[in-house]
Amino acid sequence: MVKGERDGGMLVAGVMSGTSADGVDVAVCRIAEGAGGEPKVKVLGHEGFRYSRAVREAVLRAMDAKAMSVAEMSRLSWRLGGIYGECVAKTCAGLGVVVPGRGAGSEGLAGSEGLGREAGSSAAPQNDKQMGRGGLSEGAVALLREAHLNRDETAAKVGHPVSGRKKRLELVGMHGQTVYHQGLADRYLGRDVRCTWQIGEAAVVAERLRVPVVSDLRPADLAAGGQGAPLVPMLDWVMFRSERVGRVLQNLGGIGNLTAIAAGTSADKVIAFDTGPGNMVIDQCMRSLFGREFDRGGAVAQRGVVLREVVEREMRGKYFLAAPPKSCGREEFGERFAARFVSACKEAGGSDADVVTTATALTAESVVRSYREFVMEGMGSGKLEFAVAGGGAKNGTLMGLLREGMSASGVKVRGMEELGVAVEAKEAVAFALLAWLTWQGRAGNVVSATGARRAVVLGKVCYG
């Protein structure tokens, strides 16, 4: 068994860059083995960084192999490694966590090469209005207690510097940037092949920080017959399971995915899958119609009307009707889908704002129907909590449509921060946990979620 510093747990940074391709989220966690051998996760803080326009455009081109050469793909992978390393270093610096390698500085996070910090990052303490003078509300603390956390951990989770003597970063879990994901087999050179590819050179991160990096976490599950996604359910099970309360954890990144954990259920009964597009189609519509990267707060969607016939037609599509396990990405809901979607909305007489509103409604409807058709029956009749994380949780129009749709099933929708995890940080925390499990030689996939034949140790280790 590998122990952390003085057996007090390891300091692990999780790094996530998702299918929205808009930037990097870093979460720094202390992870230790608890009673019964189960991991305990304490989030010390997180920070978000936006890709510069040039980097984002390169990442989006990489998702269309016809638009990028092998040479440029390789260069981008190495460039992203440098960016990830710098993001981790800067986040650790804000938390007072020592990085064995070079301090944060010159990897290109300023000017034309840079990443901007996102509003709402929490590598420094938040103000009293955001937190309340005691950290979180008593209701949120009660929820955290139910989720196996305590009040001291609550303060750390929303971004307080590490107390006491300085601690040293010991491990990094890096998702990388997905450029292709094919969870279902397709015929290739005479054999059925499934595959996934996340770029971002881990050796660059390991050398930059001088700590081990666990990366490439999806292929092992694919090799074991799974779809390589979703992988976040392991975190959901560790942090949010309850004997008394059923919980559904919905993430709204580029792609939407949920984890459903019935009260008192075992890990092999967890339900998890991708619900369909999260922000991906909305963002594509905003770029093509308004020249903006995303719909801030859902302001554009608020001005339009939902073209219900378009939503209903799309919801009859193959992916939405398929039962889990299932996963998706830009291959299903990328530029080609968005272009066809815009055309369908225009043919239905919609304005530009109506297109964005309808794309927003499509995301909400895909979540509502996923819950109703694949989840609700298995959650029992007891108390249920439905919490939303990811960038989509900041879209007021999307959250309003989601609350309206879920209310018909008697479900109240809340933000993930009410369970003590910032909406932007959850996936980064998940990859910190997966890296820790790999470092301990323990499986990280939930086979009921991915469809794998067996639980497997995930990822590859690059030593710093």
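Summary of the structure given here. Remember, it's a predicted structure, so these values are computed and weren't measured experimentally. (Residues numbered from 1 in each chain as written. Predicted model: local features only at pLDDT ≥ 70, side-chain atom pairs only at ≥ 80, totals over all residues. Heavy atoms only, no water.)

**Overview of the overall build of the protein**
Along the protein, the regular secondary structure elements total 18 helices and 15 strands. The 464 residues of the protein split such that 58% are buried. Here the analysis covers contacts within the protein between residues at least 6 apart in sequence; of these, 72% occur between residues at least 24 apart. Carbon and sulfur atoms form 50% of the exposed surface of the protein, whose accessible area is close to 18,800 Å². (Helix = DSSP H or I, 4+ residues; strand = E, 2+ residues; numbered from the N terminus. Buried < 20%, exposed > 50% of the residue type's maximum accessible area, 1.4 Å probe, protein only. Contact = heavy atoms within 4.5 Å. Areas by Shrake-Rupley, 256 points an atom, 1.4 Å probe, with all protein chains shown as cover.)

**Brief notes about the environment of Glu207**
Its location among the elements puts Glu207 in helix H6 (residues 202-209). The class of Glu207 is partly exposed, set by a relative accessible area of 48%. For Glu207, the side chain forms a polar contact with the side chain of Arg210, separated by 3.0 Å. (Polar contact = N/O pair within 3.5 Å; in protein donor to acceptor, adjacent residues only side chain to side chain.)

**Quick notes on the nonpolar core**
Core analysis: the largest hydrophobic core is formed by 70 residues, its most contacted members being Val41, Val375, Phe386, Leu402, Met416, Val429 and Leu433. The residues touching Val375, leaving out its near neighbours within four places in the chain, are Val248, Leu258, Ala260, Ile271, Phe273 and Ser370. Core analysis: the second largest hydrophobic core is formed by 40 residues, Val59, Leu76, Ala89 and Val211 among them. (Core = buried A, V, L, I, M, F, W, Y, C linked by side-chain atoms within 4.5 Å.)

**Considerations on unusual backbone geometry**
Cis geometry is found at the peptide bond from Ala229 to Pro230, where omega equals -5 degrees. With respect to the helices and strands, the residue Pro230 is situated in the loop between helix H7 (219-223) and helix H8 (233-240). Following Pro324, the chain continues to Pro325 via a peptide bond in cis, the omega torsion being 5 degrees. Tracing the backbone shows Pro325 in the loop between helix H12 (318-321) and helix H13 (330-333). For Arg210, which is not glycine, the phi torsion reads 60 degrees and is therefore positive. Checked against the element boundaries, Arg210 lands in the loop between H6 and strand E9 (213-215). Residues other than glycine seldom take positive phi values, yet Asp216 does so here, at roughly 55 degrees.

**Looking at the pairing of strand E1 (residues 10-17)**
Within a regular beta strand, the side chains point alternately toward one face of the sheet and then the other, so they alternate between its two faces. Counting buried residues in E1 gives eight out of eight residues, a clear majority hidden from the surface. The two faces of E1 match: Met10, Val12, Gly14 and Met16 on one face and Leu11, Ala13, Val15 and Ser17 on the other face are all buried. Sheet topology places E1 next to strand E2 (residues 23-33); seven bridges connect them, and they run antiparallel. Directly across from Met10, in E2, lies its bridge partner Ile31. In textbook terms, the turn of a hairpin is the stretch between consecutive antiparallel strands, and for E1 and E2 this stretch comprises five residues, one of which, Ala21, has a positive phi near 55 degrees. (Pairing = 2+ DSSP bridges.)

**Quick look at the pattern of salt bridges**
Counting across every chain of the model gives 23 salt bridges. Note that Glu72 is salt-bridged to Arg61, the shortest N-O span being 2.6 Å. One end of the pair, Glu72, is in helix H2 (residues 70-95); the other, Arg61, is in helix H1 (residues 53-62), and eleven residues separate them in sequence. Linking Lys269 and Asp268 is a salt bridge whose minimum nitrogen-to-oxygen distance equals 3.7 Å. The structure contains a network of salt bridges with shared partners spanning Arg53, Arg56, Arg287 and Glu293. (Salt bridge = Lys/Arg side-chain N within 4 Å of Asp/Glu carboxyl O.)

**Let's talk about the packing of aromatic side chains**
For the coordinates displayed, the defined rule picks out eight aromatic pairs. Ring plane angle 20 degrees and centroid distance 6.2 Å describe the contact between Phe337 and Phe341, whose orientation is recorded as stacked. With a gap of four residues between them, Phe337 and Phe341 both fall in helix H14 (residues 335-347), about one helical turn apart. Residue classification places Phe337 among the buried positions, given a relative accessible area of 7%. Of the residues examined, Phe341 reaches a relative accessible area of 0% and is grouped as buried. Aromatic pair Trp439 and Tyr463: ring centres 5.8 Å apart, planes at 50 degrees, arrangement tilted. Of the two residues, Trp439 is situated in helix H17 (residues 426-439) and Tyr463 in the segment after strand E15 (460-462); the sequence distance between them amounts to 24 residues. Its relative accessible area of 61% is what places Tyr463 among the exposed residues. Ring pairs connect the aromatic residues Tyr319, Phe320, Phe333, Phe337 and Phe341, which therefore count as one cluster. Across the ring face of Trp237, the terminal group of Arg241 is positioned such that the distance to the ring centre comes to 5.1 Å. For Lys326, the ring lying beneath its charged end belongs to Tyr319, and the centroid distance is 4.6 Å. (Phe/Tyr/Trp six-rings, centres within 6.5 Å; stacked < 30°, edge-to-face > 60°. Lys NZ or Arg CZ within 6 Å of the ring centre and 35° of its normal.)

**Some details on the environment of Met406**
Mapped onto the elements of the fold, Met406 is located in helix H16 (residues 396-407). Each C-alpha atom of the pair Met406 and Val367 lies 8.8 Å from the other, and the pair is 39 residues apart in sequence. Those residues in contact with Met406, other than ones at most four positions away along the chain, are Val368, Tyr371, Phe386, Val411 and Val413.

**Things to note about the pairing of strand E3 (residues 39-50)**
Extensive coverage of E3 is indicated by the burial of nine of its twelve residues. As judged from the eleven bridges shared by E2 and E3, these two strands associate in the antiparallel manner. Directly across from Ala32, in E3, lies its bridge partner Lys40. Adjacent in sequence and paired antiparallel, E2 and E3 are bridged by five residues, among which Gly36 carries a positive phi angle near 80 degrees.

Purely geometric numbers; function is a separate question.
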